[in-house]
Amino acid sequence: LNYTIVVRNTGNVTLPNITVTDPLEGLNQSITLAPGASRTFNATHTITQNDLNAGQVTNTARASVTYGGTTYSDTDSQTVNANQNPQISVTKSSNESSYTLSGEIIHYTITVSNSGNVSLTNISVTDPLTGFNQTIAGLAPGANSSFNTTYTIIQNDVNSGQVNNTASAAGNAPNGQRVTDNSN
């Protein structure tokens, strides 16, 4: 984010030692301005993950001066909203591509990924067929977590000729939105 901060002396006397601050940008300057004069400062803020998670950046600049025993100050704030895009994805794979008998074991790997741009918390991962149920405290954007689970083939699976198995993942975005996905 690129900010322009303009400090103007709107009075009719020269003001020495005007303090100009912008805590977000680390700006802390002392200037003198004649009546009607102004000074421009440029500042840049690099967006952090916390800014994205918060959904906005609010930046406040302040100018203050003490003249004749009285302190005069003014502030101005600017809020820039984030384009939050919470997303979660879950994939499931198996080591085995086929089975022939009751009692055989299928080994599954479930991978949950944060495919959005904000952190996700309280992520529940379930696989009803295998009885798998796990909670992930949090995932940063681009991060993933994998789990292993198994299923034992029963005679009905042999008779039907296939096993369909779906895993689900659901997590909370910072804005309270619940995001979900199911594996194929």
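Conventions we followed
- Residues numbered from 1 in each chain as written.
- Predicted model: local features only at pLDDT ≥ 70, side-chain atom pairs only at ≥ 80, totals over all residues.
- Heavy atoms only, no water.
- Helix = DSSP H or I, 4+ residues; strand = E, 2+ residues; numbered from the N terminus.
- Rg over C-alpha atoms; globule rule 2.2 N^0.38 Å.
- Buried < 20%, exposed > 50% of the residue type's maximum accessible area, 1.4 Å probe, protein only.
- Contact = heavy atoms within 4.5 Å.
- Areas by Shrake-Rupley, 256 points an atom, 1.4 Å probe, with all protein chains shown as cover.
- Salt bridge = Lys/Arg side-chain N within 4 Å of Asp/Glu carboxyl O.

Engineer: Any chance you could break down the overall build of the protein chain for me, citing the residues and the numbers?
Structural biologist: Per the secondary structure count, the protein chain includes two helices and 13 strands. Its C-alpha atoms give the protein chain a radius of gyration of 29 Å, clearly above 16 Å, the size a compact globule of 184 residues would have. Considered along the principal axes of its C-alpha atoms, the protein chain spans approximately 95 × 25 × 20 Å. When each of the 184 residues of the protein chain is scored for burial, the buried share is 34%. Taking as baseline every contact in the protein chain between residues at least 6 positions apart, the subset at least 24 positions apart corresponds to 58%. Split by element, the accessible area of the protein chain, about 10600 Å² in all, is 43% carbon and sulfur.

Engineer: Any details on the pattern of salt bridges? Residues and values, ideally.
Structural biologist: Summed over all chains, the structure comprises one salt bridge. Among the ionic pairs, aspartate 127 bridges to lysine 92, the shortest N-O distance being 2.2 Å. Taken together, the residues span a long stretch of sequence, with aspartate 127 in strand β9 (residues 120–127) and lysine 92 in strand β7 (residues 88–94) at a distance of 35 residues.

Engineer: Explain the environment of valine 65 to me, and be specific about the residues and the numbers.
Structural biologist: By secondary structure assignment, the location of valine 65 is in strand β5 (residues 56–67). Note on valine 65: relative accessible area 6%, which makes it buried. Expressed as a C-alpha distance, the spacing of valine 65 and serine 77, which sit twelve residues apart in the sequence, is 19 Å. The residues contacting valine 65, other than those within four sequence positions of it, are Leu15, Pro16, Asn17, Ile18, Thr70, Thr71 and Tyr72.

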